[in-house]
Amino acid sequence: MNLTELGYVAGWRLARALPRPVVAAAFRVGADRAHRANGAGTARLRANLRRVVGPDLPEAELDALVRRGLRSYARYWMEAFRLPALSRREILAGFRLDGVEKLAADVAAGRGAVVALPHGGNWDAAGAWVAATGWPITTVAERLRPEAVYERFLAFRQGLGMEILPTHGGERPAFDVLVDRVRAGTVVPLLADRDLSARGVEVDFFGGRTRMPAGPALLAIRTGAPLYVTSMWYEPDAACASLEGPLPLPDPDSAPLDQRVRVLTQRIADGLAAGIARHPEDWHMLQRMWLDQRSTGSDATPPAPITGQA
């Protein structure tokens, strides 16, 4: 077991073993330490939030926003680590969804739904809530390194009632399985605010160019399922989300498939931007986000829990 895996294991065990107020205070201390140290992840969050709030916000107010953002990110990890120990009642009470009636109608009608998410609030709590509600849910997860960390996250999310598909290396291509699941009436949430690989679709986002995954738009176009964009944030007593949509799908005869995917992905980007602008402190983007930002080695893998930052 290497140090990275050891850190995750310690987080899962300690966060569940200790009383919530004690754990929350420890994670807040870790967030404030990361803020003072101003390491690579904190500096990246600061640059990303500056794009969101614009150039006119005074530096002191931006610094306060970054501190709140790191505390929100720490809260995500703390609550994610504690999720497996919660009862169904506690999971349902710990998350609120504005627009739940839309998703309920989709599931009841057997048509499924595609839900585009930001890296915000607590997406694991959202998935656990869907499963605890009794709705089928399938999503994908990038293979983390080391492999042992990926396997632990896989078991963690499967234990909460989610079906998790690897982005690559599965028995069938993940997209083909998702098409089958949506057509069978499953809720398919997909993180949709970042894909800087060559596969990503270039979009305008807070006045700059970035790339976002084609998957949510392509899946909705392929299946005809409702496509929602989600805003995610924290309230003192719960993780919260609201659904925008369903978004209008481009007419099949209006343009070639790749153009329709670009149009719809831009609509997703616009919806994500609106939600992030309302709750910038709960957008946990500690990695390179825009194409004109310089890449660093720390952008290659997702950030570790906040308590592990120096």
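From a predicted model like this one, the values you see are computed outputs, not experimental measurements. (Residues numbered from 1 in each chain as written. Predicted model: local features only at pLDDT ≥ 70, side-chain atom pairs only at ≥ 80, totals over all residues. Heavy atoms only, no water.)

1. Quick word on helix H9 (residues 174-183)
Thought 1: Along H9, the residues that are buried comprise Ala174, Val177, Leu178, Val179 and Val182.
Thought 2: In this structure, the buried residues of H9 make contact with strand S2 (113-117), strand S3 (138-141), strand S4 (163-166), strand S5 (187-191) and helix H10 (215-223).
Thought 3: Two residues or fewer past H9, glycine 185 is found with a positive phi of approximately 100°. (Buried < 20%, exposed > 50% of the residue type's maximum accessible area, 1.4 Å probe, protein only. Helix = DSSP H or I, 4+ residues; strand = E, 2+ residues; numbered from the N terminus. Contact = heavy atoms within 4.5 Å.)

2. Quick notes on the nonpolar core
Thought 1: Grouped together as the largest cluster of nonpolar side chains are 91 residues, with contacts concentrated most on Trp77, Phe95, Leu103, Phe205, Leu219, Ile268 and Trp283.
Thought 2: It is helix H4 (residues 59-82) that provides the largest number of residues to this core, a total of 11 residues. (Core = buried A, V, L, I, M, F, W, Y, C linked by side-chain atoms within 4.5 Å.)

3. Overview of the environment of glycine 69
Thought 1: Mapped onto the fold, glycine 69 is located in helix H4.
Thought 2: Glycine 69 sits 38 residues away from valine 107 along the chain, and the two C-alpha atoms are 34 Å apart.

4. Some remarks on the pattern of salt bridges
Thought 1: Under the defined criterion, the tally for this structure stands at 15 salt bridges.
Thought 2: Put simply, arginine 157 and aspartate 124 hold a salt bridge, and the shortest N to O gap is 2.6 Å. A residue pair is termed long-range when its members are at least 10 positions apart, and arginine 157 in helix H8 (residues 147-159) and aspartate 124 in helix H7 (residues 123-133) qualify at 33 residues.
Thought 3: Given a relative accessible area of 15%, arginine 157 falls into the buried group.
Thought 4: When the shortest N-O distance is used, the salt bridge between aspartate 180 and arginine 172 registers 2.9 Å.
Thought 5: Salt bridges linked by common partners bring Arg20, Arg75 and Glu79 together as one network. (Salt bridge = Lys/Arg side-chain N within 4 Å of Asp/Glu carboxyl O.)

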